[in-house]
Amino acid sequence: MRRPSDIDALERVLCAALGSDAPVCSLADLDHLSGAFAALDREVVERPTLIGGGALYNPTTPAPGHDFLDKLLRRAHALGAEQVLVPHVRRVDDTRALRAAGFVPVPAGEECAVRLTGDVDEALRTRIGAGRLRDLRRRHLALAREVTWERIPLSELGGRPWAREAFVELHLHDAARHGDSHHPYGAAALDALAGGPWRERAEMLVRRHRGVVVQAGLLMGSHNGRGVHYLTQAIRHDHPLAARNLYVATVYALYRDARRAGLDWVHLGRGGAEAKRRLGADLVHPLDHWLHAPGLALPATGRAQEPRLPEFVTPPVADAAVPGPVRDRHLPRFDTVDLSSNTNALLGAEAQYPDLDTSDLARAYLGAISKLPGDGGVAALDADHVLFTHGAVDGVALLLQALTAPGHRVVVTPPAFEAYAHRAALSRLVVVGAPLRGEDLAELDTERILAADARVTFLCDPSDPVGTRLDREQVLEVVSNSAGLVVIDEAYVEFSEDPSYADLLTRHDNLVVLRTLSKAWGLARARCGVLLAAPGLVEGLRRVQVPFGFTAPAQDAVRARLTSPRQALATFPLIRAERARMAAALAAHPLVDRVFPSETNFLLVRLHKHDHVLDLLRRAGIVVADTSHLVADTCRVGIGTRRANNALLEALSLRSL
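Residues numbered from 1 in each chain as written. Predicted model: local features only at pLDDT ≥ 70, side-chain atom pairs only at ≥ 80, totals over all residues. Heavy atoms only, no water.

Draft legend 1. Seen up close, the overall build of the protein. Of regular secondary structure, the protein possesses 22 helices and 21 strands. On the principal axes, the C-alpha backbone points of the protein span a range of 95 × 55 × 45 Å. Looking at the 657 residues of the protein, the share that counts as buried comes to 53%. A separation of at least 24 residues holds for 74% of the contacts in the protein among residues at least 6 apart in sequence. Surface exposure of the protein reaches about 28600 Å², of which carbon and sulfur atoms provide 51%. (Helix = DSSP H or I, 4+ residues; strand = E, 2+ residues; numbered from the N terminus. Buried < 20%, exposed > 50% of the residue type's maximum accessible area, 1.4 Å probe, protein only. Contact = heavy atoms within 4.5 Å. Areas by Shrake-Rupley, 256 points an atom, 1.4 Å probe, with all protein chains shown as cover.)

Right, here's the structure in full:
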C-alpha cells in the first residue's frame, strides 16, 4: 500500500468521499484527524488544503522526494489551495525533502502492526502474557458461538447490497457518535473503492448476530502478499453484544484467519499504541503529518538524529561508516517487497534475518527490571540506552574494540571475572591490577585505580567470584573522578536488594552497566547480555557489533520471559532464602573455614582441605567451580534447587577425613 499506484487509487477514493474532483478541503473537514491539528491556529485549520496523495486511507504515506513535492506545490497553486498536507509519514523515513520544501511536522500518533510467526497463541503469549491471552481466547470463543464471521471481497459487493448498506449505516452512526460531519467511509467512497483497482485485494468483514449486522469493517491485502491491513471497523453500539468488546474478539479471530492463510502480519492501523500493544502489536512506529502552510512554524520533530558519539569512541570507529542494516534498523520492512538480503526466499520465515530494531524489547526489559527493589532508577532510561549483546562477555569485547587502542591501560580488580583481563590481553592492552581489599574483599583501592589513568576500569558488583557488594561510596568516587570509562558488571544484581548503578547513567557519560539474562532470568541458552549506557556510546558500539547476532529464537525467548516476568521475579526471594540456609549449613561444617557474604546466587567457600573436598564432590557427581587460583583454598558453590543443594550437603556429611 506504499506504491505510487496505490496512492493514486486512494486519491480517487478520497475525492469521492469529499464529493469533489480534487482532494482539496479544510483541515477542519477531516474530522477523524482533527485532534492532530488542535494546536494550530484556526486560520490554518480552515484554509483550503490539498491532501497529498489522498492517503488518509493508507496506514502510512511514503516520505516523498523533491520532484513529487514540486509537482504537489504547483498543483496546489493551480487549484487555489493555500496549503498542502502530506499525512501519516513514518518518523523514521528520510524527510529531508519535506523539510527543504518548507513542510513542518505535526505529530500524528503511531501505526501498529502484529507480526505472526509460528503458532498464533504462542506468538501472542510471548508479547502479552498468558493471562491476557486467556482473556482474548475467552472473548473469541464466547462470541464465536453467537456471531458469524464473513469476509466479502469488494468485487462481489454488488451481489450483497445488505452488507454495503449496513457498512455505510454503521460508519455514519459511528461518525455521529464522535461528532464528525465527514468521514472517509461513506457510500460514495466505498463504491469508489469497490470499483477501483483495489477491489481484488479488499474485503468487507461483516459479523452478524441473528441476521443483524453488529460489526462491519474493511480489510486490505498488502501489495507484497504477506499481510493484511485492518483499515476500519464500526460497531452497532446500541446492540447488547457491543458491551462484549467485539473489536478485541474480532482482532484475535483475524490473527487466526491471517495465519491460516499463510500471512505474516496484521496491521491494526493508527492510534492507541498502548492498547494495541496489549493486543500483541510488536511494531509501533510514530507518525507525523507534514503541512506546508503560509507562516506556519512548528518545532521540528521529524526523523530522529543519531546521537553524537562521545569522546570515548576511538577515531577508527567514529570515522567508520555505520553498517547498512544497522543504519536502517528502525525502518519497517514488513510491508515492503524486500529483495536486498539475498537469502533463499523459497524457504519461508526461517530464511529471513532477525530484527535489528529491538526498541520494544528494550522497553520490555526496562519495564521488567523496574519491578526489582534496586532498579527504580531505570525509569529515567529509554530504549536508546539499551544494547542487546551476544552474552555479557560480548559486551566486554565490544567495549574494548570500540573504545580502546593497543597500549591503552585497563584496570581490573582481582579477584574478578577473568574475561576482563583475557579480552584486554587479546586486544593488546596494558592490564593494571588493583586488588580488592578488606576481610570480605569488598573494598576498592581507589587511589591505585585513579592513579592508573585507565581508558577503561572494570568493576564487578556484586563481585564474581566473591559475591559481595562493593563499597558504594568508593564506586561513586571512581565513577566521578575517572577520566576514562567505568564499566560496572551487574550480572548478579537481581539477587541483591541493594540498588543498581543504572540510575546514574543519565548523570555520568563515562558509566556503562553490564547486565545479563543468563543468570537471574534463566535464559542462558538465549545468550543475551544487556549493555546500558548513554545513547551516543551505544551508537558507537553498534558500529562494531556484528549485525543479526541477536537471533530470532533468542529474541522470542527474551520477549516471552520479559512479557511474563512474574515467575522469574518470584524466584529471587526464594533463592535469597535458600542462599541463607546454605550459608549457615556450610559455615557450620568442619571442612569449611569460611563462607563469604553473598548478594548473588552463589557462595564463595574457603575450605580446610581444598583438594580433598573437591575430589570428594567430584566422586559424588557434584560439580562446583574451583576458584583457588583467584582466592586461595576456595570454591564457588551455586545455589541450585533444594534437592541439588541437599545433595551437596549430604556428600560432605559422608566425607572420609
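Draft legend 2. Here's a closer look at the side chain of H285. As for its position among the elements, H285 is in strand 10 (residues 283–292). The class for H285 is buried, based on a relative accessible area of 5%. Excluding its chain neighbours within four sequence positions, the residues that come into contact with H285 are G109, E110, E111, H330, P332 and D357.

Draft legend 3. Representation of the pattern of salt bridges. Scanning the model with the defined rule gives 43 salt bridges in all. Among the ionic pairs, E11 bridges to R75, the shortest N-O distance being 2.7 Å. Placement of the pair is E11 in helix 1 (residues 4–18) and R75 in helix 3 (residues 66–79), with a sequence separation of 64 residues. On the accessibility criterion, E11 (15% relative accessible area) is buried. With its nearest N and O atoms 3.0 Å apart, the salt bridge here joins D257 to R260. Placement of both D257 and R260 in helix 9 (residues 246–260) is noted, with a separation of three residues, approximately one turn of the helix. Owing to a relative accessible area of 62%, R260 belongs among the exposed residues under this scheme. Overlapping salt bridges bring together R115, R127, D282 and D355 as one network. (Salt bridge = Lys/Arg side-chain N within 4 Å of Asp/Glu carboxyl O.)

Draft legend 4. Examining helix 21 (residues 610–619) more closely. Taken residue by residue, helix 21 has H610, V613, L614, L616 and L617 as its buried positions. Down the axis, helix 21 shows its buried residues gathered within 155° of arc, on one side only. Away from its buried face, by an angle of more than 90 degrees, helix 21 presents the exposed residues D611, R618 and R619. Of the surrounding secondary structure, the elements contacted by the buried residues of helix 21 are strand 19 (602–607), strand 20 (625–626), strand 21 (634–638) and helix 22 (642–653). (Arc of directions from axis to C-beta.)

Draft legend 5. Here's a closer look at the nonpolar core. In this structure, Y365, F388, L517, W521, L532 and V558 are the most contacted members of the largest nonpolar core, which totals 57 residues. When residues in this core are grouped by element, the largest group, six residues, is from helix 13 (residues 359–369). Leaving out residues up to four positions away in the same chain, V558 has contacts with L361, L517, L523, A526, C528 and F550. Within the second largest apolar cluster, 34 residues are counted, among which are L116, Y247, A273 and V284. (Core = buried A, V, L, I, M, F, W, Y, C linked by side-chain atoms within 4.5 Å.)

Draft legend 6. Structural context of unusual backbone geometry. For the peptide bond that leads from P414 to P415, omega is 0°, which places it in the cis range. Cis geometry is adopted by the peptide bond preceding P462, which originates at D461 and carries an omega value of 5°. When you line up the elements, P462 lands in the loop between strand 14 (456–460) and helix 17 (472–481). With a phi close to 55°, R210 is a non-glycine residue in the positive phi region. Structurally, the position occupied by R210 is in the loop between strand 6 (202–209) and strand 7 (212–221). Residue F548 is not a glycine yet carries a positive backbone phi of 70°.

Draft legend 7. Expanded view of the sheet that holds strand 8 (residues 227–235). If you trace the ten strands from one edge of the open sheet to the other, you get 1-2-3-10-4-9-8-7-6-5, paired in mixed fashion. In this open sheet, the two edge strands, each paired with only one partner strand, are strand 1 (24–26) and strand 5 (150–153). For this sheet the average axis-to-axis angle between neighbouring strands, irrespective of direction, equals 30°. Examined bridge by bridge, strand 5 and strand 6 share four bridges and lie antiparallel to one another. Counted as the bridge partner of E150 is V206 from strand 6. (Pairing = 2+ DSSP bridges. Axes fitted to C-alpha atoms, helices over the stretch in contact; angles between N-to-C directions.)

Draft legend 8. Quick look at the side chain of N601. One can find N601 in the loop between strand 18 (592–595) and strand 19. If near-sequence neighbours (up to four positions away) are discounted, N601 is found in contact with Y492, F495, I575, G638 and I639.

Draft legend 9. The packing of aromatic side chains, seen in detail. Inspection of every chain in the model, using the stated rule, returns nine aromatic pairs. Ring centres of Y353 and F548 lie 4.4 Å apart, and the angle between their planes is 20°; this geometry places the pair in the stacked category. Of the two residues, Y353 sits in the loop between helix 12 (324–327) and helix 13 while F548 sits in the loop between helix 18 (535–542) and helix 19 (552–563), which places them 195 residues apart along the sequence. Residues F495 and F572 carry aromatic rings whose centres are separated by 5.8 Å and whose planes lie at 75° to one another, so their mutual orientation is edge-to-face. Of this pair, F495 sits in the loop between strand 15 (485–489) and strand 16 (511–516) while F572 sits in helix 20 (residues 566–587), placing them 77 residues apart in sequence. Residues F495 and F572 agree in their burial class; the two are buried. (Phe/Tyr/Trp six-rings, centres within 6.5 Å; stacked < 30°, edge-to-face > 60°.)

Draft legend 10. Main features of the sheet that holds strand 13 (residues 430–433). Taken together, the seven strands give an open sheet; going across it, the order is 11-17-16-15-14-12-13, and neighbouring strands pair in mixed fashion. Of all the strands in the sheet, the pair left with one neighbour each is strand 11 (386–389) and strand 13. Taking the axes of each pair of neighbouring strands and ignoring which way they run, one obtains an average angle of 20° across the sheet. Looking at chain direction, strand 11 and strand 17 (residues 529–532) are connected through four bridges and run antiparallel. Of the residues in strand 17, the one forming a bridge with T389 is G529. The strands touched by helix 13 are strand 11, strand 16 and strand 17; relative to strand 11, the strand with the most contacts, the crossing angle is about 100°. Across the sheet, helix 17 touches strand 14, strand 15 and strand 16, and the angle it forms with strand 15 is around 150°.

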